[in-house]
Amino acid sequence: MIVCIAEKPSVAKDIARIIGANSARDGYMEGNGYQVTWTFGHLCELKEPDDYTPMWKRWSLSALPMIPQRFGIKLINDEGIKKQFSIIERLMQAADSIINCGDAGQEGELIQRWVMQKAQAKCPVKRLWISSMTDEAIKQGFQELKDQKEYQPLYLAGLSRAIGDWILGMNATRLYTLKYGQNRQVLSIGRVQTPTLALIVNRQKEIDNFEPEPYWVLATIYRNTQFTATSGKFTSKEEGEKAFSTIAGKPFTVTSVTKKKGSEAPPHLYDLTSLQVDCNKKYSYSADMTLKLIQSLYEKKFTTYPRVDTQFLTDDIYPKCPQILNGVSQAKIFSQPKYMPLIQKLASLGNKLPKSKKVFDNSKVTDHHAIIPTGVTPTGLTDMEANVYDLIAKRFISVFYPDCKFSTTTVLGEVINEDGEKPEKIEFKVSGKEILEPGWREVYAKDAKNADDDSDDGNNGNGLSSNSSSDGNGNGIKKEVVEERTLPSFVKGESGEHIPTLTEKWTTPPKYYTEATLLRAMETAGKFVDDEELRAALKENGIGRPSSRAGIIETLFKRHYIRRQRKNLMATPTGIELIDTIHEELLKSCELTGIWEKKLRDIEHKTYDPADFINGLKEQINQIVKDVLADNSARHVTITTDEDLKKKPAAKKSSAAKKKAASTTAVSATAAAASATAASVTTPQETQKPQSAPQPEDPLVGKPCPLCGKGVVIKGKTAYGCSNWKAGCQYRQPFSQM
């Protein structure tokens, strides 16, 4: 009898149906020479400290570090798990051969290897390795079974990771809890969670310690178009006023008009992290919620394997793409056949789907390819599942559309003042972009109309960013929402009156992390590391695996280290003080994970000995224990309770209270020319400290329009405008340029 073991009952039953094991038994399916059983994720775990010796049951500084001579595994203490394992054990000991049908990845390999070891299986083992749960993929996988020995390095890397996390986590958690905790408070330390917490704490400190600085921006309105000085910002009001007086009353001359055509490739397909980022940005789903939703879609056969870290497909997927698109075209999301028109338009563009290296690249795929639809038409989706499927389907459709083509117009101008001994010249610039052929943007046209401008990435205020969606980070669709900005027709050499403006602005602090931006920071943690080799390792892996990052963030919530305030992630006093207490920089830096990831990847590639990895960790934890025990301070970490989390955070003295309201001075060129002093600048008004009520009014609203002088400034959703707009005044000041 051949025993197949899958990671979940639902997966096992799909496999059983395909291979003809249709008779239900207690804990397994049987038929056609197969017995198909299952785990519930992890059935086994590494032994607890007191499983090795009773001396380690009681938490004591004198017992640290705890390092077993040989690590062992045990069943998780759960009656359901014990019952299922007894069934698996009986089947495996009587089996002629075993097929490991666990998830195709490092964690999936570890889960089933431990079960087979615990069951003392002696027969040959084959490995099923598939990226999709469709019937076709399962059948093909069974035709291409591999010998489990081929995946031994993958298992050793997973085992080394688990042992390493045990050595660091068990010892460091007990060490810091006993040394700095109070009232039975547990201070959890982990290789990934602690550097992640440090990212949040350090960002929060940057914000708290930020001191806003004023600066001034010189601009001018010529032919209803705002040009900005190329000299950059002025750090003193006097410099700004001097520049303002230089140009007031002097003619503006266009010195250059250039047009350049460009193109923008579709955004890359989704990996798990980029999908979690977009779901958080667009729907405010947590990383953990997105993982659960995409796992559900995978198990329902609507999308491919989700726990991936690549945004590319292998060449063998290309012939299947027309069939996948055909299945997607039949899908109805919220009762609407929203993909049919897009796929029909795609078909009209050519008889054959384009095959781009930006989509199909075998060298960029290791275990699994990017997340795409399977082609099975989805039915019975919840609203949240439908939202996630919609993102994946549109992204898949868009990669076959042509590049978006646009034209960039850059106009340079200058104002020269020859009144002094030496002529003074100030140069200005404006850019506009016009989409010539929307290409892949057609897929997102409706989203663009409805999207709100909450992107963390921002834009340059000039319309379409040339790299807005081609960075492959899943951020592009927010960036694409920026409007086109078509400029009037300018001619080199033309000259005329203009209305100069001097705007006072204030530097702003960095933004708090959201789950979306934190996931990106975890993925790109290499930028926080100086060592080139470690940076390269982190560039490939980041901190944490894609499948584990959501769990890490949830752990920080459960430990009361962080709290959520709207979308923002805020560190609690416990989280802040814990990071401040840890003096071993390696524990709270991304560098430790960089070292680990490089060595674990080398173990996978059979270029590094797992024993050397574990021995190095033993030396490291010995040193950490020694250093912490040498601390003679009486520091303790504050306890954050559930009740504390329910309270609103204490209002901190906001740096915004120090800000001044920006004001714009507009002086007509003719009036300035008549002035003996050439120009004068209205100084910005002081803003009172923020009060709960009444709210201070916007200082610009109600002022005379700087363009027509007839209307007054009004405030819209994205920009200031003129109340006289119906009569033709085109004054517009986007918030992004304030």
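Residues numbered from 1 in each chain as written. Predicted model: local features only at pLDDT ≥ 70, side-chain atom pairs only at ≥ 80, totals over all residues. Heavy atoms only, no water.

Draft legend 1. Region of the structure containing the overall build of the protein chain. If you tally the helices and strands in the protein chain, you get 24 helices and 22 strands. Restricting to contacts in the protein chain with at least 6 residues of sequence separation, those with at least 24 account for 78%. Carbon and sulfur atoms make up 49% of the accessible area of the protein chain, which totals about 35100 Å². (Helix = DSSP H or I, 4+ residues; strand = E, 2+ residues; numbered from the N terminus. Contact = heavy atoms within 4.5 Å. Areas by Shrake-Rupley, 256 points an atom, 1.4 Å probe, with all protein chains shown as cover.)

Draft legend 2. Region of the structure containing the packing of helix α9 (residues 272–283) against helix α10 (residues 287–299). It is at 9 Å that the axes of α9 and α10 come closest, and there the two elements cross at 115°. Crossing hand, α9 versus α10: right-handed. Contacts between α9 and α10 involve L272, L275, Q276 and C279 from the former and A287, T290, L291 and I294 from the latter. Of the residues that constitute the contact of α9 with α10, the class distribution is 6 nonpolar, 2 polar and no charged. (Axes fitted to C-alpha atoms, helices over the stretch in contact; angles between N-to-C directions. Left-handed = near helix turned anticlockwise from the far one by under 90°. Nonpolar A, V, L, I, M, F, W, Y, C, P; charged D, E, K, R; others polar.)

Draft legend 3. Main features of the packing of helix α7 (residues 193–208) against helix α16 (residues 515–523). For the pair α7 and α16, the least separation of the axes is 11 Å and the interaxial angle reads 125°. Of the possible angle classes, the one that applies to α7 and α16 is oblique. The handedness of the crossing between α7 and α16 is right-handed. Mapping the contact onto sequence places T196, L199 and I200 in α7 and L518, A521 and M522 in α16. Tallied by class, the residues present in the contact of α7 with α16 amount to 5 nonpolar, 1 polar and no charged. (Parallel < 35°, antiparallel > 145°, perpendicular 65-115°, else oblique.)

Draft legend 4. Examining the confidence of the model for the protein chain more closely. Residues of the protein chain with pLDDT of at least 70 account for 84%, and the chain-wide mean is 85. pLDDT under 50 marks residues 452–483. Its contacts with residues more than four places away, or in other chains, come to 80 contacts. A low-confidence stretch, residues 654–696 stays under pLDDT 50, and its non-local contacts, those more than four residues away or across chains, total 80 contacts. (pLDDT = per-residue confidence, 0-100.)

Draft legend 5. Geometry of the packing of aromatic side chains. Counted by the stated rule, this structure contains 21 aromatic pairs. Between Y298 and Y305 the ring centres are 5.6 Å apart and the planes differ by 85°, which places this aromatic pair in the edge-to-face class. Y305 matches Y298 in its accessibility class, with the two residues each being buried. Between the aromatic rings of W440 and Y444, the centroid separation amounts to 6.1 Å while the plane-to-plane angle is 80°, which identifies the pairing as edge-to-face. Residue classification places Y444 among the buried residues on the basis of a relative accessible area of 2%. Through pairs of rings, three or more aromatic residues link up here, namely Y222, F227, F252, F428 and F490. Lying over the aromatic face of F490, R223 brings its terminal NZ or CZ to 4.7 Å of the ring centre. When the ring centre of Y215 is taken as reference, the NZ or CZ atom of K233 above it lies at 4.8 Å. (Phe/Tyr/Trp six-rings, centres within 6.5 Å; stacked < 30°, edge-to-face > 60°. Buried < 20%, exposed > 50% of the residue type's maximum accessible area, 1.4 Å probe, protein only. Lys NZ or Arg CZ within 6 Å of the ring centre and 35° of its normal.)

Draft legend 6. Representation of the state of the cysteines. For the coordinates displayed, the defined rule picks out 0 disulfides. Free cysteine C101: the closest other cysteine sulfur is in C4, separated by 4.5 Å. (Disulfide = S-S within 2.5 Å.)

Draft legend 7. Just the pattern of salt bridges, in detail. Enumeration over the complete set of coordinates arrives at 34 salt bridges. A salt bridge links K83 to D26; the nearest nitrogen and oxygen atoms lie 3.9 Å apart. Taken as a pair, K83 in helix α3 (residues 79–93) and D26 in the loop between β2 (23–25) and β3 (28–31) lie far apart in primary sequence, 57 residues in all. Each of the salt bridges in this network shares a partner with another, and the network as a whole consists of D14, R17, D135 and K301. (Salt bridge = Lys/Arg side-chain N within 4 Å of Asp/Glu carboxyl O.)

Draft legend 8. Seen up close, the sheet that holds strand β4 (residues 34–38). One open sheet accounts for 7 strands, arranged β2-β3-β4-β1-β7-β8-β9; its pairing is mixed. Because the sheet does not close on itself, it has two edges, and the strands there are β2 and β9 (146–147). Relative to β3, β2 runs antiparallel, the two sharing 3 bridges. Across the sheet, A24 pairs through a bridge with M29, a residue of β3. Most of the contacts of helix α4 (residues 106–118) go to strand β7 (residues 97–101), to which it runs at about 150°, and overall it touches β1 (2–6), β7 and β8 (125–127). (Pairing = 2+ DSSP bridges.)

Draft legend 9. How the structure looks around the pairing of strand β11 (residues 225–229). Burial analysis of β11 places 4 of its 5 residues in the buried class, the great majority of the element. Strand direction decides the pairing type here: strand β10 (residues 214–222) and β11, joined by 4 bridges, are antiparallel. Directly across from T220, in β11, lies its bridge partner F227. Of the pairings in the sheet, the one linking β11 to strand β14 (residues 424–437) comprises 2 bridges and is antiparallel in character. Bridging across to β14, A229 finds its partner in F428.

Draft legend 10. Here's a closer look at helix α19 (residues 573–581). Listed as buried for α19 are T574, G575, L578, I579 and T581. Down the axis of α19, the smallest arc covering the buried residues is 160°, so these residues share one side. Of the surrounding secondary structure, the elements contacted by the buried residues of α19 are α6 (152–180), α7 and α20 (585–588). (Arc of directions from axis to C-beta.)

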